[in-house]
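# Coordinate inspection notes
What follows is each chain in one-letter form.
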Amino acid sequence: MTKQNILGELILKLILLIYGLYYFIETITMDISYNARIYPFIISLAFNILMIMLTSEVFKKYLEQAKNDRQSFKIITPEAIKLFSTYAAGILLIALTLLVNYWLAIIVALPLLAYVLEDKKFSLISYVFLPVGMIIIVYIIFVRFLSVRLPVGF
Amino acid sequence: MEYIEVGIFLWVVVGLLIGILVGVLPGLGAATALSLLVPLTYKMDTNIAIAFIMGVFVGAVYGSSITSILLNIPGSATSVATMFDGYPLTVKGYSLTALGASITSSSIGGIAGALFLMFVSRYIANFFMHNMDSPSYFWIIMIALSCLITAIGKDRTIGFASALFGLMVGTIGMDMMSFNYRYNFGSFYMGDGIPMVPLILGIYALSHIMTLSQREVGESISKSVQMHGSLWEGAKQTLINWVLVIRSIIIGAVIGVFPGIGGATANLVAYYNAKSKYNQDDTFGKGDIRGVIAAEACNNATVASTLVPTFTLGIPGGIPAAILLSILMIHGLTPGPTLFTENVDFVNQTFVTVLIANLILFPIAILTLRFFARITTVKISILVPFLLVFVVYGVYGLQRSLYDVIIVFVFGLIGYLFNKYNIPIVPFLISYLLGPMFEVSLRRSLRAGDDIFILVSKPFHIVLAIIALLLIVGPPLYNLFVKKPLIKQA
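Note that the structure is a prediction, hence the values are computed from the model and not measured.

Further remarks concern the overall build of chain A. Each helix and strand counted, chain A has five helices and zero strands in total. Listing the helices and strands of chain A from first to last along the sequence gives α-α-α-α-α. Relative to its full complement of 154 residues, chain A shows a buried share of 23%. The contacts of chain A with a sequence gap of at least 6 include a subset with a gap of at least 24, amounting to 59%.

What follows is the structure in structure tokens.
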């Protein structure tokens, strides 16, 4: 395991621990009945104990690795770019859907993601064929021919 | 006969085809296939939705065995054991024979599992209807959570932490007993809790899409698929080894009933059981057809048996069953003993559907085998954008809520990180689903009685408590007293 991977694991476990502590503090301080409090109190207490154990274990591993491995971090790797792009494409898709409509969102986001995933051929083909295909299949066949009413947003 | 309709039949076929299609793609097993397709069922009639989903479920479990045999890559965890002897058979030039055995044993296993569901679940439901009270529910859920110990895997600490995280997420929103809001960060949207469908879509489907997106440029799941041997020889071998088929079916049917364990564990248990019985010539692991038969008969038998606790108690037998549970709830049905009295037609229809799906699996699998084997050559860069559109629109279409989409993205990221850092997702998801029921049954019990002894006030409660206790302390004690001396002797 690289230093970078261990750091990633450490951050994830720290976030889980912080969430566990927030949950535990809220359980103690919130103004609810004793009955409503006992179950969350037990599970959050157990969760926090386990997370402290797990986080300290990873932290020790990280310190050991940091001593031996003095290489600098590479946060922006090709895999990280693809991962981030997929996530961003999903957000772009829903943002465009809310701002414009479903059609444009698909036409923009789908080929863009294919482009980021370095399939330029499929990206170009889908830029041309998605709008054409949508018009032919959805509009001519469904709307004109079968008289189907499209859902709101299309 | 009144439950067999052409429409239902056609939707089962469509579901089977889609299920095999998704199941064939490594990493996208039955759980991902079902979570991707939940949105399609929103507007469907309940019986059609169940027919479609059962087709997908059965198809995906079978489909995942194709890549295990041809490529040595399990389509999902339910077909890991199929790989042990399936791929060596492919290497020896008997891929079609292995696939023939897989198709035949899957169909037989599935049909037997469906019959088990038909005959057993009614009695279980009837029994629980007359014996269930809040303490009983508490112990049943405790048993379900205890079963998670088996699903947790090697690293118990991280598995327990994952399960506890699931229980905590399950408490977000309004407390159903005191009507107070809890852990919602003051958000109005989170007042209703974390919705089930977006969470499942995020943690299973989106996280898999994110993992797939990191593959190399232009990479497909496999480069070429070549098949040799005889399908019919595989089918013949399955029928010759009928005792093994029955043993594996029994293992699958029994293990499937326990929540959280499911096909992933059952196929390994059946495989090692067959190996311990039939491996005199040391042929297992080197291309023994009986290894494929045992694993496949077993994993398809679990498909129906995981539905037994889902229908009778409302406790999902596995992740696919949990998704099925969410579909039932979307369609206004409440799983539990009353389902068998208030929705008799629906229950009968579902049983018939499961049986039909397994009956027509055989011809469909034979006819489409070569086509589906080629699906694995589709490029990841084509697959990922389409799957992403499907997930995002699928969840947004549920109730046009941006909050649902945010949940998908948040839990997609959590699922991806859990997979990356080897934190098991199954304990999290099962605990998230069972947590609210567990809390309510505990508090109702305590409110009904003066003290904690209300939980063991009847002989039935004591029996359930002993089972739960055995499930918790059994595995560590077994390791301590039985396994270790054996290792020392070796």
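Another aspect to go through is the overall build of chain B. Helix and strand counts for chain B stand at 20 helices and two strands. In chain B, which comprises 490 residues, the proportion classed as buried is 58%. For chain B, long-range pairs separated by at least 24 residues make up 79% of all intrachain contacts whose partners lie at least 6 apart in sequence.

Let us now look at the confidence of the model for chain B. As a general rule, the predicted coordinates of low-pLDDT regions are not to be interpreted in detail. Residue and element names in this part refer to chain B. Taken over all residues, the pLDDT of chain B has a mean of 80, while the share at 70 or more is 88%. The weakest mean pLDDT in chain B belongs to helix 20 (residues 459-489) at 72; the strongest belongs to helix 18 (residues 402-420) at 91. Overall fold confidence (pTM) sits at 0.75, and the ipTM for the predicted complex is 0.86.

Further remarks concern the packing of helix 1 (residues 6-24) of chain B against helix 3 (residues 46-71) of chain B. Residues and elements named next belong to chain B. Axis separation between helix 1 and helix 3 bottoms out at 6 Å; the angle between their running directions is 35°. The handedness of the crossing between helix 1 and helix 3 comes out as right-handed. Here the residues of the contact of helix 1 with helix 3 sort into 24 nonpolar, 10 polar and no charged.

Further remarks concern the interface of chain A and chain B. Contact residues are listed per partner, giving 40 residues for chain A and 37 residues for chain B. Taken together, the residues of the side of chain A that touches chain B break down into 27 nonpolar, seven polar and six charged.

Residue and element names in this part refer to chain A. Secondary-structure assignment places Glu118 in the loop between helix 4 (102-116) and helix 5 (120-145). Owing to 15 C-beta atoms within 10 Å, Glu118 belongs among the partly exposed residues under this scheme. When the C-alpha positions of Glu118 and Leu10 are compared, they lie 31 Å apart, and in sequence the two are 108 residues distant.

A few words now on the environment of Gly19(B). Residue and element names in this part refer to chain B. Locating Gly19 in the fold gives a position in helix 1. Separated by 36 residues in the primary sequence, Gly19 and Gly55 have C-alpha atoms spaced 6.8 Å apart. What Gly19 contacts, discounting residues up to four positions off in sequence, is Ala33, Gly55, Val56, Phe57, Val58, Gly59, Ala60 and Gly63.

Running from amino to carboxyl end, helix 2 (residues 34-68) of chain A crosses helix 7 (residues 156-170) of chain B at an angle of 140°, the nearest separation of the two axes being 9 Å. Once helix 2 of chain A is placed against helix 7 of chain B, the crossing between them reads as left-handed. Contact residues: Ile43(A), Ser44(A), Ala46(A), Phe47(A), Leu50(A), Met51(A), Met53(A) and Leu54(A) in helix 2 of chain A; Thr157(B), Ile158(B), Phe160(B), Ala161(B), Leu164(B), Phe165(B), Leu167(B) and Met168(B) in helix 7 of chain B. Looking at the contact of helix 2 of chain A with helix 7 of chain B residue by residue, the class counts come to 14 nonpolar, two polar and no charged.

So, on to the nonpolar core. One recurring pattern in soluble globular proteins is that nonpolar side chains are buried together. Counting 183 residues, the largest nonpolar core has Leu34(B), Ile53(B), Phe57(B), Ile141(B) and Val391(B) as its most contacted members. Not counting residues within four places of it along the chain, the set of residues in contact with Ile53(B) comprises Gly15(B), Leu34(B), Leu37(B), Thr41(B), Leu324(B) and Ile327(B).

What follows covers unusual backbone geometry. All names here are of chain B. Unlike most non-glycine residues, Tyr183 shows phi in positive territory, near 55°. Look at Tyr183 and you get buried, because 21 C-beta atoms sit within 10 Å. You will see that Asn422, though not glycine, has its phi angle at about 55°, which is positive. Structurally, Asn422 can be placed in the loop between helix 18 and helix 19 (425-448). The exposure class of Asn422 is exposed, given the 11 C-beta atoms found within 10 Å.

This part takes up the environment of Pro337(B). Along the chain, the position of Pro337(B) falls in the loop between helix 14 (319-330) and helix 15 (339-342). Sequence spacing of Pro337(B) and Phe127(B) is 210 residues, and the spatial spacing of their C-alpha atoms is 8.6 Å.

Attention now goes to helix 1 of chain B. Between its first and last C-alpha atoms helix 1 of chain B spans 27 Å; for 19 residues at 1.5 Å apiece the expected length is 27 Å, and the two agree. Those residues of helix 1 of chain B not exposed but buried are Ile8(B), Trp11(B), Val12(B), Gly15(B), Leu16(B), Ile18(B), Gly19(B), Ile20(B), Val22(B), Gly23(B) and Val24(B).

Another aspect to go through is helix 2 (residues 30-37) of chain B. In terms of burial, helix 2 of chain B is largely enclosed, as eight of its eight residues are buried. Every buried residue of helix 2 of chain B is accounted for by Ala30(B), Ala31(B), Thr32(B), Ala33(B), Leu34(B), Ser35(B), Leu36(B) and Leu37(B).

Rules behind the numbers
- Throughout this document, residue positions are counted from 1 along each chain, in the order its sequence is written.
- Labels are handed out in written order, letters beginning with A for the chains and numbers beginning with 1 for the ligands.
- This being a predicted model, a pLDDT of at least 70 is required before a residue's local features are given, and a value of 80 or more before pairs of side-chain atoms are given or counted; all residues contribute to the totals for chains, interfaces and linings.
- Note on conventions: DSSP H or I runs of at least 4 residues are helices, E runs of at least 2 residues are strands, and numbering of each starts at the N terminus.
- To sort residues by exposure, count the other C-beta atoms lying within 10 Å of each residue's C-beta; 20 or more gives buried, 12 or fewer gives exposed, and values between give partly exposed, all with C-beta atoms placed from the backbone.
- Residue pairs qualify as contacts under a 7 Å threshold applied to their C-beta atoms, which are placed from the backbone.
- Residue-level confidence of the predictor is summarised by pLDDT, bounded by 0 at the bottom and 100 at the top.
- In this description, a line fitted to the C-alpha atoms serves as the axis of each element, helices being fitted only across the stretch in contact, and the angle between N-to-C directions of two axes falls anywhere from 0 to 180 degrees.
- Take the far helix as the reference: if the near one is turned anticlockwise from it by less than a right angle, the crossing is left-handed, and if turned clockwise, right-handed.
- Three classes are used: nonpolar for Ala, Val, Leu, Ile, Met, Phe, Trp, Tyr, Cys and Pro, charged for Asp, Glu, Lys and Arg, and polar for all others, with Gly counted as polar.
- Think of a nonpolar core as buried Ala, Val, Leu, Ile, Met, Phe, Trp, Tyr and Cys residues, each tied to the set through C-beta atoms within 7 Å.
- One less than the number of residues in a helix, times 1.5 Å, gives the span that helix is expected to have.

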